[in-house]
Amino acid sequence: MQEKRFDVIALGELLVDFTDNGLGEQGNTLFEANPGGAPCNVLAMLKRLGRSCAFAGKVGDDLFGRRLRAVAEAAGICMDYLAVDREARTTLAFVEKLANGDRDFSFYRNPGADMMLTDEDLPLEVLADCRIFHFGTLSMTHEGVRRATRKAIDRAKANGALISFDPNLRPPLWNDLEEARTQISYGLAHCDVLKIADNELEFMTGETDFDKGAAILRERYPNIRLLNVTAGPEGSHSYYEDLRVFRPALKLGGTIETTGAGDTFCACVLNFVLERGLEGLSEKELGDMLSFANAAAYLVTTRKGAIRSMPEREQVENLLLTHT
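Residues numbered from 1 in each chain as written. Predicted model: local features only at pLDDT ≥ 70, side-chain atom pairs only at ≥ 80, totals over all residues. Heavy atoms only, no water.

(A) Examining the environment of Ala 38 more closely. Topologically, Ala 38 is positioned in helix α1 (residues 38-48). Between the alpha carbons of Ala 38 and Ala 10 there is a distance of 9.4 Å; along the sequence they are 28 residues apart. Setting aside its immediate chain neighbours within four residues, Ala 38 contacts Glu 13, Asn 168 and Asp 263. (Helix = DSSP H or I, 4+ residues; strand = E, 2+ residues; numbered from the N terminus. Contact = heavy atoms within 4.5 Å.)

Dropping the structure here:
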């Protein structure tokens, strides 16, 4: 891959995840304000792996927006291209952990600053100077930010960047789930590397069988060169050319919450692509990629939050040495 200023640029939401932190003295639920947002979570892990990263998005001119910028900068992410909205507030998400381990999200985003990003806010010269451009669908829920996202994809792709996509489906943010399918389909049609969760695969194909679902996507979207399916505590699958590889998740206990696990997995895959490229991958290489990504994702589930909770490479490697 050719030399560029940044290894990865991500565009999308930067928000605060308020996660359940037990009960106060009067029995009221306590929420901890954790900096988050899937695209920046991905970049935070990539920084732990030594990659140069920049973020493009928008926050409000408020307490949360300023703190988010500071946390991302402390993580080593270039935030020079973070826009500030003087009217809309920074988006907030309240995360409830369900009994089965899943999460339920309540968003305060009507509007939220992240959805106010416009194509005029885009750092077009910088988007032409990255090796990988990464995005999800929270930046595609509304027309203005959707237009900006599509323009950013086109700019990066025209200048040789690989395109990475994670649908990151959040049904409460869509007025119409058919519109969500349409926008996810757009992302699928424009990416080289795809990370998709098991529920999203079923949403887009109607299949609960991962092999069948992946086959449907690969037939519909032949542009996808590396397709990875995450299945939470069960593990992950990778599909590349005629190869299909599975690696189980680590089940060592100690899980606190799963926020950021998929983003951590995604970052590890992108780091692998930066190291190895997308030509002539072997079954062993794909298996090693999945094992590393699974282990890193597991470590994040044992910690609160995401951006500040990403593991170091050495921690992931030590975990693999002792438990695989």
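(B) Molecular detail of the pairing of strand β4 (residues 53-60). Within β4, 8 of the 8 residues are buried, which leaves it mostly tucked inside the rest of the structure. Here β4 shows two buried faces, one formed by Cys 53, Phe 55, Gly 57 and Val 59 and the other by Ala 54, Ala 56, Lys 58 and Gly 60. Where strand β1 (residues 6-12) meets β4, 5 bridges bridge the pair, whose relative direction is parallel. Across the sheet, the residue bridging to Gly 12 is Gly 57, located in β4. Tracing the backbone out of β4, into helix α2 (residues 63-74) and back to the parallel element strand β5 (residues 82-85) gives a crossover that is right-handed. (Buried < 20%, exposed > 50% of the residue type's maximum accessible area, 1.4 Å probe, protein only. Pairing = 2+ DSSP bridges. Right-handed = clockwise from strand over helix to strand, strands pointing away.)

(C) Summary view of the sheet that holds β1. The strand order across the open sheet built from 9 strands is β5-β4-β1-β8-β9-β10-β11-β12-β13, with neighbouring strands paired in mixed fashion. The sheet is open, and its two edges are formed by β5 and β13 (243-248), each paired on a single side. Strand-to-strand twist in this sheet, taken as the mean axis angle between neighbours without regard to direction, amounts to 15°. Bridging between strand β11 (residues 226-230) and strand β12 (residues 235-240) involves 4 bridges; their strand directions are antiparallel. When the bridges of β12 are listed, Asn 228 appears paired with Ser 238. Each of β10 (193-197), β11, β12 and β13 is contacted by helix α7 (residues 210-220), which is oriented at about 35° to β12, the strand it contacts most. Contacts between helix α9 (residues 283-301) and the sheet are confined to β11, β12 and β13, with β13 contributing the most and set at about 30° to the helix. (Axes fitted to C-alpha atoms, helices over the stretch in contact; angles between N-to-C directions.)

(D) Structural view of the packing of aromatic side chains. All told, the structure shown has 6 aromatic pairs when counted by the stated rule. Between the aromatic rings of Phe 94 and Tyr 108, the centroid separation amounts to 5.4 Å while the plane-to-plane angle is 65°, which identifies the pairing as edge-to-face. One end of the pair, Phe 94, is in strand β6 (residues 92-97); the other, Tyr 108, is in strand β7 (residues 103-108), with 14 residues separating them in the sequence. For the cation-ring pair, Arg 181 lies above Phe 203, with the distance from its terminal atom to the ring centre recorded as 4.0 Å. (Phe/Tyr/Trp six-rings, centres within 6.5 Å; stacked < 30°, edge-to-face > 60°. Lys NZ or Arg CZ within 6 Å of the ring centre and 35° of its normal.)

(E) Looking closely at helix α6 (residues 198-205). When we look at burial in α6, the residues that qualify are Glu 200, Leu 201, Phe 203, Met 204 and Thr 205. Buried residues along α6 sit against β9 (162-166), α5 (177-190), β10, α7 and β11. Immediately downstream of α6, the backbone of Gly 206 shows phi near 80°, a positive value.

(F) Summary view of the packing of helix α8 (residues 261-276) against α9. For the pair α8 and α9, the least separation of the axes is 8 Å and the interaxial angle reads 145°. Between α8 and α9 the crossing geometry is right-handed. Two secondary-structure elements touch here, α8 through Ala 261, Thr 264, Phe 265, Cys 268, Val 269, Phe 272 and Arg 276 and α9 through Glu 285, Met 289, Leu 290, Phe 292, Ala 293, Asn 294, Ala 296, Ala 297, Val 300 and Thr 301. (Left-handed = near helix turned anticlockwise from the far one by under 90°.)

(G) Structural context of the packing of α9 against helix α10 (residues 313-323). Viewed as axis vectors pointing N to C, α9 and α10 meet at an angle of 110°, and their least axial separation amounts to 9 Å. In this view, α9 runs roughly perpendicular relative to α10, as classed from their interaxial angle. Side by side, α9 and α10 meet where Ser 291, Phe 292, Ala 295, Ala 296, Tyr 298 and Leu 299 of the first sit next to Arg 313, Gln 315, Val 316, Glu 317, Leu 319 and Leu 320 of the second. The residue makeup of the contact of α9 with α10, split by class, is 8 nonpolar, 2 polar and 2 charged. (Parallel < 35°, antiparallel > 145°, perpendicular 65-115°, else oblique. Nonpolar A, V, L, I, M, F, W, Y, C, P; charged D, E, K, R; others polar.)

(H) Molecular detail of the pairing of β9. Among the 5 residues of β9, 5 are classified as buried, and the element is accordingly described as predominantly covered. Of the two faces of β9, both are covered, the one formed by Leu 162, Ser 164 and Asp 166 as well as the one formed by Ile 163 and Phe 165. Bridging between strand β8 (residues 130-136) and β9 involves 5 bridges; their strand directions are parallel. In the sheet register, Ile 132 faces β9, and the bridge partner there is Leu 162. Handedness of the β8-helix α4 (residues 143-158)-β9 crossover: right-handed.

(I) The environment of Gly 305, seen in detail. Examined against the element boundaries, Gly 305 turns out to sit in the loop between α9 and α10. Residue Gly 305 is classed as buried on the basis of its relative accessible area, which comes to 4%. Distance from Gly 305 to Gly 232, taken between C-alpha atoms, is 17 Å for residues 73 residues apart in sequence. Contact partners of Gly 305, with chain neighbours within four places excluded, come to Asn 34, Glu 257, Thr 259 and Val 300.

(J) Seen up close, unusual backbone geometry. Residue Pro 111 is bonded to the preceding Asn 110 through a cis peptide linkage, with omega at 0°. Inspection of the secondary structure assignment puts Pro 111 in the loop between β7 and α3 (124-127). The backbone phi angle of Asn 168 is positive, close to 45°, even though this residue is not glycine. Within the element layout of this structure, Asn 168 appears in the loop between β9 and α5.

Remember, this is a structural readout, not a statement about activity or role.
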